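Residue-level listing of the chains:
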Amino acid sequence: HAPRGSRAAWMLSVQVGTESISPLYIALERGSLEAAGAVLEDLLTIRADRDKYYYGADELFARHADVVNRLILDAPELLPKLFDGLVWRARTTEQGKRR
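Rules used in this analysis
- Residues numbered from 1 in each chain as written.
- Predicted model: local features only at pLDDT ≥ 70, side-chain atom pairs only at ≥ 80, totals over all residues.
- Heavy atoms only, no water.
- Helix = DSSP H or I, 4+ residues; strand = E, 2+ residues; numbered from the N terminus.
- Buried < 20%, exposed > 50% of the residue type's maximum accessible area, 1.4 Å probe, protein only.
- Contact = heavy atoms within 4.5 Å.
- Areas by Shrake-Rupley, 256 points an atom, 1.4 Å probe, with all protein chains shown as cover.
- Polar contact = N/O pair within 3.5 Å; in protein donor to acceptor, adjacent residues only side chain to side chain.
- Core = buried A, V, L, I, M, F, W, Y, C linked by side-chain atoms within 4.5 Å.
- Arc of directions from axis to C-beta.

How do you make sense of the overall build of the protein when you look at a structure like this?
Secondary structure assignment for the protein yields six helices and six strands. Taken from the N to the C terminus, the helices and strands of the protein come in the order α-β-β-α-α-β-β-α-α-α-β-β. Burial statistics for the protein: of 99 residues in total, 29% are counted as buried. Of all intrachain contacts in the protein linking residues separated by at least 6 positions in sequence, the fraction that spans at least 24 positions is 53%. Element-wise, carbon and sulfur atoms account for 51% of the exposed surface of the protein, whose accessible area totals about 7,000 Å².

Put into structure tokens, the structure is as follows:
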């Protein structure tokens, strides 16, 4: 298991020799939509420890700025999983509701 602070980086880049490959894009290229969906779900799950919250959306878009276009072309059925994971969640509440 990857440490929380390194988890997104591990999910987005694997070093193979001198090349850095993306498990997400490899899964899309091979048509393994279940694996690609699992990567998206894992990256977009909010995790926390005592000191910090971890959420892989920034890392996802830093590594794959074209991820939305790529999913439109190769796996449109994964768009809801991506967009559901991008719903902003506040950690504070006002009158019992998230703001």
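Help me understand the side chain of S22 in this model?
Within the secondary structure layout, S22 lies in the loop between β2 (19-21) and α2 (23-29). A distance of 3.2 Å separates the side chain of S22 from the backbone nitrogen of Y25, its partner in a polar contact. Sequence-distant contacts of S22, that is, excluding residues within four places in its chain, are made with L12, R63 and H64.

How should the nonpolar core be read in this particular structure?
As a rule of thumb, soluble globular proteins bury nonpolar side chains together. One finds L24, L28, L40, L43, L60, L71 and L78 to be the most contacted residues of the largest nonpolar core, which totals 19 residues. Secondary structure elements with two or more residues in this core: α1 (7-12), α2, α3 (33-43), α4 (57-63), α5 (67-74) and α6 (79-85). Residue contacts for L78: discarding those within four places in its chain leaves L28, L33, A36, G37, L40 and L71.

I would appreciate a short explanation of α5 in the present structure.
Since the α-helix packs 3.6 residues into each turn, any two residues three or four apart lie on the same face. For α5, every residue scored as buried is listed here: V67, R70 and L71. Buried residues of α5 fall within an arc of 95 degrees about the axis and therefore sit on the same side.

Sorry if this is basic, but what is going on with the environment of D58 here?
Structurally, D58 is set in helix α4. On a C-alpha basis, the gap between D58 and L43 in space is 9.6 Å, while along the polypeptide they are 15 residues apart.

I would appreciate a short explanation of the environment of I21 in the present structure.
Its place among the elements puts I21 in strand β2. The residues contacting I21, other than those within four sequence positions of it, are L12, S13, V14, V16, I26 and R63.

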